[in-house]
Amino acid sequence: MNSSAESSSQTAGSSASASDPEETGKMNSMVKVEATSEKAIKSSTTRRLSYSSDTDAHCPKRVKVAGKDGSPMVIRVGSRKSKLALVQTEIVIEALKEIYDQDYEFEIVTMTTTGDHILDTPLSQIGSKSLFTKELEEALLDKTIHFVVHSLKDVPTTLPPELCIAAILRREDPEDALVLKSSLKLEDPLDLVRPKLSKGNEIDKTSGDNNCKDSVKNGSIDENSEKLPVIGTSSLRRIAQLRKMNPTIKVVDVRGNLTTRINKLDDPQQPYDALILASSGLKRSDLASRISTILDSNWWYAVGQGALAVECREDDSSTMALLSPLIDYRSTYEAICERAFMQTLEGGCSVPLGVRCKWIPHMPSNSDLSVENSDLILSLDGAVFSLDGTEFIEDCQKSKIFDEVKEKSEEKSSEQKNNGNIKNFTSICLPPPTLACFDRVKRAFLNSFKLGVNLANQLNAQGAGNILAKIKHDKEKK
């Protein structure tokens, strides 16, 4: 697919730049785009305004730019075409509208990405790290849009040099959910994925042991007693954990947007008994009622899952300032340590690894963590699995994220060069240096990053590198 051609066809005739909101008025009258009005998205998309509280106290002065005729400026926002992508884009837009009132108008520019086109191949076999972001990033670099809204778990840990993640919004529940076929009723949905034993044997329902075989007591798995359950997922992380839990389980690839996958699940002609999906996407799509049970405690979720990321050009200071009030610091610190963990392990969708974050003491999800708390500890659990679930390495690291930290000289010079918006945090930029709490936020960025790196090194020392090397070797042989 020629992604540049696709972007060009949607922005034909445009010579104006989106790097400055003042140019947008001219550009908007010239450019033909696929735009989505607010009415096209149901009102449910505005039920969560995911931005940090107390933005006046902790964020720089809000940007306000008026058109030459005094009219609101039009900000062009890139999005994928799927319903969930549009819902998430509207969440960001509604948050900005609440902050800036009538200062801006927003226009959504939709695009089809490589990952949207390739529906007959598991994501882990495609080999690209920018499946759902490349075309949108090309539009950013062409200066035909101001910013893009992504699911953070789709965003590579290394972005093109000119781009950065300017804001991460308050994280939705990051857990995975088990969704049963609508015709299937179980008192305990987890019985579907637990090992089935021959008559007279007993199941130990604690599925968090390091070896799935330990969950079977006084007997062996009876593979022939009844039809084996079929679980739909394309995620190697989910597949490995399912096989760790129950080595006899049958996993079938399922692709498509969220609505397509749910329809495939409920189709009597399709083999699926259940799907494993991100609970955040189900909730944002008003499909929370389809959640049969949440997979938590002994289940590792994806890096960045549940968080929305806003990407823009690093040299576009106006747009970065526009977005800065959206930053949720708790979610950002979690994202940095998780992405640093994955980056150090050289992971991605082709590697079965998972994470869990928690705060000590427990912090409500709406806590403003730009405010210093010297006793606050961020704990990161990480796990690496073999593809068949038989090998599993897990460990934990903790960090007082506001502790003083020594910086490397190259980090300092990079900061001076980029006016504080350095990108050594897996392409997540520091907020503007005019932020009142900039120094302590910067300490938290550094400590969160080091937390992820230290955990990855700890797992490598225990053999995680060998597991990942074997996965890479087997993939290259195919």
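Residues numbered from 1 in each chain as written. Predicted model: local features only at pLDDT ≥ 70, side-chain atom pairs only at ≥ 80, totals over all residues. Heavy atoms only, no water.

### Regarding the sheet that holds strand β10 (residues 250-252)
Adjacent strands of a sheet form backbone hydrogen bonds with each other and so pair up, either parallel or antiparallel. Strand order across the open sheet formed by 5 strands is β10-β9-β11-β6-β12, with mixed pairing between neighbours. A strand with exactly one partner marks an edge of an open sheet, and here the two such strands are β10 and β12 (293-295). When strand polarity is set aside, the average angle formed by the axes of neighbouring strands in this sheet is 30°. Relative to β12, strand β6 (residues 176-180) is paired through 3 bridges, and the arrangement is antiparallel. Across the sheet, D176 pairs through a bridge with L295, a residue of β12. (Pairing = 2+ DSSP bridges. Helix = DSSP H or I, 4+ residues; strand = E, 2+ residues; numbered from the N terminus. Axes fitted to C-alpha atoms, helices over the stretch in contact; angles between N-to-C directions.)

### Remarks on the nonpolar core
Formed by 81 residues in total, the largest nonpolar core has its most connected members in V92, F147, L323, L326, Y333 and F341. The greatest single-element share of this core, amounting to 10 residues, is contributed by helix α14 (residues 438-461). Apart from residues no more than four positions distant in its own chain, L323 is found in contact with L96, F147, A166, A167, V310 and C312. By size, the runner-up hydrophobic cluster in this structure holds 15 residues, among which are L192, V193, I239 and A274. (Core = buried A, V, L, I, M, F, W, Y, C linked by side-chain atoms within 4.5 Å. Buried < 20%, exposed > 50% of the residue type's maximum accessible area, 1.4 Å probe, protein only. Contact = heavy atoms within 4.5 Å.)

### Points about the packing of helix α12 (residues 329-344) against α14
What describes two packed helices is the angle between their axes and the distance between those same axes. Two elements in contact, α12 and α14, have axes separated by 7 Å at closest approach and are oriented at 35°. Relative to α14, the crossing made by α12 is right-handed. Listed contacts from α14 to Y329, T332, Y333, I336, C337, A340, F341, Q343 and T344 of α12 are V441, A444, F445, S448, F449, L451, G452, V453, L455, A456, N457 and L459. Residue classes in the contact of α12 with α14 are distributed as 15 nonpolar, 6 polar and no charged. (Left-handed = near helix turned anticlockwise from the far one by under 90°. Nonpolar A, V, L, I, M, F, W, Y, C, P; charged D, E, K, R; others polar.)

### Observations regarding the pattern of salt bridges
Counted according to the given criterion, the structure contains 18 salt bridges. One salt bridge in this structure joins K97 and E94, with 3.9 Å as the shortest N-O distance. Highlighted residues: K97 and E94, both in helix α4 (residues 83-100), separated by 3 residues, approximately one helical turn. The class of K97 is buried, set by a relative accessible area of 19%. The partner of E338 in a salt bridge is R171, with the nearest N and O atoms 2.9 Å apart. In this pair, E338 sits in helix α12 while R171 sits in the loop between β5 (163-168) and β6, placing the two residues 167 residues apart along the sequence. When its relative accessible area of 11% is taken as the criterion, R171 is described as buried. Overlapping salt bridges, with partners in common, bring together R171, R330, E334 and E338 in one network. (Salt bridge = Lys/Arg side-chain N within 4 Å of Asp/Glu carboxyl O.)

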